[in-house]
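Inside the fold
The primary structure of each chain is shown beneath.
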Amino acid sequence: MDDADRQLLRRCRVRLVSELQVAPLWDVLLSRELFTPGMIEDIQQAGSGSRPDQARQLVIDLETRGRQALPLFISCLEDTGQTSLASLLRTSSQAAKQDPKAVRPLDPIPVVLGPVDLKREELRMAKQYPSKPIPGKLTSEVLGPEDIGSGGVSDVRAQRELRRNADVAYVLNADPCGYCLIINNMNFSSGLSTRSGSNVDCEKLTHRFRLLHFSVEVKCNLTSKQMVQALMELARRDHGALDCCVVVILSHGCEASHRQFPGAIYGTDGCPVPVEKIVNTFNGTSCPSLGGKPKLFFIQACGGEQKDPGFEVASTSSKDRAPGSNPEPDAAPFQDNPGNCDQPDAISSLPTPSDIFVSYSTFPGFVSWRDPNSGSWYIETLDRVFEQWAHSDDLQSLLLRVAHAVSEKGIYKQIPGCFNFLRKKLFFKT
């Protein structure tokens, strides 16, 4: 579907959700091959299964059904007697085609560098001969996508264009943007050590994600079963009016058998919950109202027991360790067969994830360091980077800044990493 049709559907979504009668559409949509039977079934199960939830999901999924999806959908509306909606979409579509400037892709941005006090004749010459310098004046330069990132005025304008371009960036317009669940496990009844400083991490991220327009919920000291229950409760909510979902887990961790996402997170009872089970709680089947929307996971826990001494390079930073600090690892032994902890679900085959981003505090197999006073290296740095750069950088760029900063800390080393299954850039709402 081209951008003009996509924008049209989004402008008309409120009325479509309010008036669209979905029941008579199913057979027509199948006969026109707009959707497969499996897709229709997923739409029917969206949210609570109510007509508005089904209508909302149908409109959202329609954007993924190719260039002819909109005209075919209009025909389906006419065939089922929904002429007012069909007329609305057809008239709006024709108007958009007559005025293509109403919706246009990202173009190179002309940026004037330096003084802008050019006289009218000089401006005319600059436009007519853009590559010819005007004596005594700094010239204009057209910046393409490869030029973006230098930190100038052009960056701001380019980022604004990117944020508005739904083909390359997720649209986060809802307020709140979505739910943010923080699970903070500090005290364990299973012999695992108390995670001193985790409350500092929790407070920082609660504040940060509220500033990023998320509805934040904090749950502390959950057993493995309570963790799974809290995640399932979040996944079962109706996210139809929201644009994103965030899950943060602060706990001890370990290695675990896996097929998709490595590692496992300990509940306070000492039983691990595989990361891939956590992530797949929010896949398209379990949480259809988040279909096509970004789902972000931030994991502060060890990926194993190895301590990384690093390797010698020319020093680039003197900030190896804060005076008087004594960092602790969030590590616990790897359990290949954790007894009655639902191990079959941890390695079951699940659909390939989409619109999912999992950020780990450390490389799989290695410990993740936490200071009892200032919190973990990863969360402390994540909060600082988000504070300074979330207004301009996309998520991947933010996490690159985090990885670089954390990698310079300490005598024993640590580097965060991620599994990225996002389809577009993600800019937080600031």
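Look above for the structure.
Let me begin by describing the structure that accompanies this report.

Rules behind the numbers
Residues numbered from 1 in each chain as written. Predicted model: local features only at pLDDT ≥ 70, side-chain atom pairs only at ≥ 80, totals over all residues. Heavy atoms only, no water. Pairing = 2+ DSSP bridges. Helix = DSSP H or I, 4+ residues; strand = E, 2+ residues; numbered from the N terminus. Phe/Tyr/Trp six-rings, centres within 6.5 Å; stacked < 30°, edge-to-face > 60°. Buried < 20%, exposed > 50% of the residue type's maximum accessible area, 1.4 Å probe, protein only. Lys NZ or Arg CZ within 6 Å of the ring centre and 35° of its normal. Contact = heavy atoms within 4.5 Å. Axes fitted to C-alpha atoms, helices over the stretch in contact; angles between N-to-C directions. Parallel < 35°, antiparallel > 145°, perpendicular 65-115°, else oblique. Left-handed = near helix turned anticlockwise from the far one by under 90°. Nonpolar A, V, L, I, M, F, W, Y, C, P; charged D, E, K, R; others polar. Expected span 1.5 Å × (residues − 1).

**What to know about the sheet that holds strand β8 (residues 272-274)**
- With antiparallel pairing, three strands are arranged side by side in an open sheet as β6-β7-β8. The sheet terminates laterally at β6 (253-254) and β8, the two strands that pair on one side only.
- Strand direction decides the pairing type here: β6 and strand β7 (residues 264-266), joined by two bridges, are antiparallel. Along β7, the bridge assignment pairs Gly253 with Ile265.

**Considering the packing of aromatic side chains**
- By the definition in use, this model includes 11 aromatic pairs.
- Pairing Phe261 with Phe419 gives two aromatic rings, centres 5.8 Å apart and planes at 70°, and the pair type is edge-to-face. Placement of the pair is Phe261 in the loop between β6 and β7 and Phe419 in strand β14 (residues 417-420), with a sequence separation of 158 residues.
- By relative accessible area, which is 1% here, Phe261 ends up buried.
- In this structure, Arg401 packs its charged tip against the face of Trp389, placed 3.5 Å from the ring centre.

**With respect to the environment of Ala264**
- Looking at where Ala264 falls in the secondary structure, it is placed in strand β7.
- Its relative accessible area of 2% is what places Ala264 among the buried residues.
- The contacts of Ala264, once residues within four sequence positions are left out, are His252, Gly253, Cys254, Ala256, Pro272, Val273, Pro274 and Val275.

**As for the packing of helix α14 (residues 377-389) against helix α15 (residues 395-407)**
- Across the interface, α14 lies against α15 with an axial gap of 9 Å and an inter-helix angle of 135°. When the axes of α14 and α15 are compared, the pair comes out oblique. Seen from above, α14 lies across α15 with right-handed handedness. The segment α14 lies against α15, with Trp377, Tyr378, Thr381, Leu382, Arg384, Val385, Phe386 and Trp389 engaging Leu395, Leu398, Leu399, Arg401, Val402, Ala405 and Val406.
- Looking at side-chain class alone, the contact of α14 with α15 contains 12 nonpolar, one polar and two charged residues.

**A short note on unusual backbone geometry**
- Cis geometry marks the peptide bond from Asp175 to Pro176, where omega comes out at 5°.
- Examined against the element boundaries, Pro176 turns out to sit in the loop between α9 (153-164) and β3 (178-184).
- Despite not being glycine, Asn221 shows a phi value in the positive range, around 55°.
- Note that Asn221 resides in the loop between β4 (214-220) and α11 (224-235).
- Backbone geometry places Asp355, a non-glycine residue, at a positive phi of 60°.

**Side note on helix α5 (residues 51-62)**
- The end-to-end C-alpha separation of α5 is 16 Å, in line with the 16 Å expected for 12 residues at 1.5 Å each.
- Judged by how many residues are buried, α5 sits mostly within the fold: nine of 12 residues are covered.
- For α5, the set of buried residues is Asp53, Gln54, Ala55, Arg56, Gln57, Leu58, Val59, Ile60 and Leu62.

**Quick notes on the packing of helix α10 (residues 198-211) against α14**
- Relative to each other, α10 and α14 sit at 20°, their axes nearing to 10 Å. Regarding the angle of α10 to α14, the classification is roughly parallel. The chirality of how α10 crosses α14 is left-handed. Residues Asp201, Lys204, Leu205, Arg208 and Phe209 of α10 touch α14, and the partners they reach there are Ile379, Glu380, Leu382, Asp383, Phe386 and Glu387.
- For the contact of α10 with α14, the per-class residue count stands at five nonpolar, no polar and six charged.

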